[in-house]
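Chains, contacts and geometry: an overview
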Amino acid sequence: MSTALVLGGGLAGFLAAAALAPHARQVTLIERGNLPGGPEPRREVPQGHFGHILLGGGADALDSLLPGTVDALRAAGAHHRQIPSGLLMRLGPGWLPDHDSTTYLIACSRHLLDHVVRERLSGLAVAVRTRTSVLGLLGGAGRVDGVLVENPDGTRETLPADLVVDATGRHSRTPEWLRTLGSEEVREETVDAGLAYAARLFDAPGGNDGFPVVSIVPVPGRRAPGRGATVIPIEGGRWIVTLSGTRGGEPSRSEAGFDAFLGSLDHPVVRALVRAARPIGPIRTCRSTLNRRRFYEDGGPAGLTAVGDAVAALNPVYGHGMTVAAQCAAAMRAVLRSEGLHPDVGASIQRRVAQVVDTPWSMAKEQDRGFPGAKSNGLSANGPMDRLARWYGDRLARAALTDPAVSAAYFDVFALTAPAARPRGCLRRAAPLPEKAADRRRGDRPPSTGGRTRRTALTAAATTTPRLSPASSPARITGVRPVGEHPTSRLGLVLTLYPRVLADNYPAVFAFYEAVLPELMGYALVRGDAASGYASWDTPEGTTAFAVIQRNAFAGEVSSAPPAGGATFVVPASDAAAVDAAVALCRRHGGVLVAPARDLPGWGLRAAHLHDPDGNLLEIQTY
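The following paragraphs examine the structure supplied in this document. (Residues numbered from 1 in each chain as written. Predicted model: local features only at pLDDT ≥ 70, side-chain atom pairs only at ≥ 80, totals over all residues. Heavy atoms only, no water.)

With respect to the overall build of the protein chain
Each helix and strand in the protein chain was counted, giving 16 helices and 32 strands. Here the protein chain, with 623 residues, has 55% of them falling under the buried criterion. For the protein chain, the accessible surface area stands at approximately 25,000 Å², while carbon and sulfur atoms represent 52% of it. (Helix = DSSP H or I, 4+ residues; strand = E, 2+ residues; numbered from the N terminus. Buried < 20%, exposed > 50% of the residue type's maximum accessible area, 1.4 Å probe, protein only. Areas by Shrake-Rupley, 256 points an atom, 1.4 Å probe, with all protein chains shown as cover.)

Below you can see the structure in the form of structure tokens.
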């Protein structure tokens, strides 16, 4: 039996130690910080304050390494959710549909997950040295045979080993240490979308029983920053709400900025949920989201291997980091069972680890290359192959909105229970789908599942107390009717018709409504002020309910003179095609076109204007 050193006391390090323990005479895990005795935050794991999920592929690997861990997590308050019934996911134009599946996820805080794993590992023969810093690798260009460390008292010590495992995460210094040994440079690829995070804890109103994970995924390829959000139910009846925005669209740490970002998302459901919940902590931000892949499998010294983020640091928005860490450890165990522990086994482990990270790495880098200003190893990521990959990915996502087979394949790959090889028939299914077809066929609604867990989020958005019952009526999100419930849903309209007062004395009218609407109706001002010429108020659920606009703002945009009358009515629509369809419908029934559909850059939307038979102005605009 041989000796092994594991560098790093995060999830990847503890699971690597679990894989090594049955095959080594001695396993020592080295951690530079302290390890708490409970599910508490660690300074060395700042990402622990943000949302995490353990996908089915990772949970299976975790339980195979440390049997009973998933049950222990659930007993401690973690939530088991089936995918997709317990994962409400929006991909650009719509919500992925439900289907029968055995895929699942585990939702809890990172602090709880790490604590339960540490507890389960305590029964194995693993020595843990905390407050010990690794200063470098020992050996030469062809062989690593230990590490140099600094102990808590400041003394230095050499620790020999037959195998050193780097599990120090995305800030690993192994390439630098290898250079000092004379080894060849480690090949590296990076993709940086400039994504930033803002996260906050909330008390979940009514608790988390049956509440799904809700995710609005940032959409690449729009020539605008990607914006997304997740609501993850965790232990203690709490939610972690995490906002994510790419370069130029980053979320803010301020209260007002957090809410404004929620209002900028493709759908109001997360904003509605947040407004119904009580914040219980500060807003925290993070910008350490660079995708980095190090190709250690190309070759390197014996006696060394790397796992987890030290090999493939992935943008956390895709939720794959912990799952990859678990699967890397399971891959290591498989090699050790076959070959045993010896210095040359590191190369075999590295090749198996490369197979684990290939799928999530490809998914993350291709997605992030599509955002404005994305950089790949310092270069623009907008070459022909990049555009082709994004074209295919967009078509596949749209097909997944309407085709159960494609949706099932998508979720299997997302949960890392299947490789990212193109599922048979998916290219044929995805490629012919015309632009925005999924929007018209699917509608702008989340899927309803006949009383299963995803109803929770849907009913939640329509009430100020988001608690779902399995017996609740068919679910919906405020302002959006399911397809087939109303004929206009086939036009892609968002049915939230609201009045907008045309004001000659805008400052006085604004002051009046800002004084009375919050107390009278519970509406909150979300846009504008006394000098802006436009202001709007939302319901507590996050739906626009009322607006005031300076009458002269319409002059030149709608007609040569300001419109008459006291109000205009706004019909939001999902896209340009829906605007055109709505205009045609209104004209067939007596509406008089005042201004055709056109882009209004000053207003940031596309709109058409008509008069009803009595001369009232109707505005149909992109939502």
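Topic: the sheet that holds strand 3 (residues 53–55)
Pairing is antiparallel across the open sheet formed by 3 strands, whose spatial order is 3-7-4. Pairing within the sheet leaves two strands with one partner each, and these edge strands are strand 3 and strand 4 (79–82). When the angles between neighbouring strand axes are averaged without regard to direction, this sheet yields 25°. Two elements, strand 3 and strand 7 (residues 104–107), share 3 bridges in a ladder whose sense is antiparallel. Looking at the pairing, Ile-53 lines up with Ala-107 of strand 7. (Pairing = 2+ DSSP bridges. Axes fitted to C-alpha atoms, helices over the stretch in contact; angles between N-to-C directions.)

So, the nonpolar core
Core analysis: the largest hydrophobic core is formed by 82 residues, its most contacted members being Leu-20 and Val-147. Tallying contributions element by element places helix 8 (residues 321–339) first for this core, with 11 residues. Not counting the four nearest positions on each side in its chain, Leu-20 is found in contact with Ala-4, Val-6, Val-27, Leu-163, Val-165, Met-332, Leu-336 and Leu-341. One finds Ile-216, Leu-243, Val-270 and Ile-283 within the second-largest nonpolar core, a separate group that totals 23 residues. (Core = buried A, V, L, I, M, F, W, Y, C linked by side-chain atoms within 4.5 Å. Contact = heavy atoms within 4.5 Å.)

Examining the packing of aromatic side chains
Inspection of the entire model under this criterion finds 6 aromatic pairs. Aromatic pair Phe-510 and Trp-537: ring centres 5.9 Å apart, planes at 35°, arrangement tilted. Remark: Trp-537 occurs in strand 27 (residues 534–538) and Phe-510 occurs in helix 15 (residues 506–521); sequence separation between them is 27 residues. We note that Phe-510, like Trp-537, is buried. An angle of 55° between the planes, with centres 6.1 Å apart, marks the rings of Trp-537 and Phe-546 as tilted. Joined through ring pairs, the aromatic side chains of Tyr-506, Phe-510, Tyr-513, Trp-537 and Phe-546 make up one cluster. Stacked on the ring of Phe-295, the Lys or Arg Arg-293 has its end atom at 4.3 Å from the ring centre. (Phe/Tyr/Trp six-rings, centres within 6.5 Å; stacked < 30°, edge-to-face > 60°. Lys NZ or Arg CZ within 6 Å of the ring centre and 35° of its normal.)

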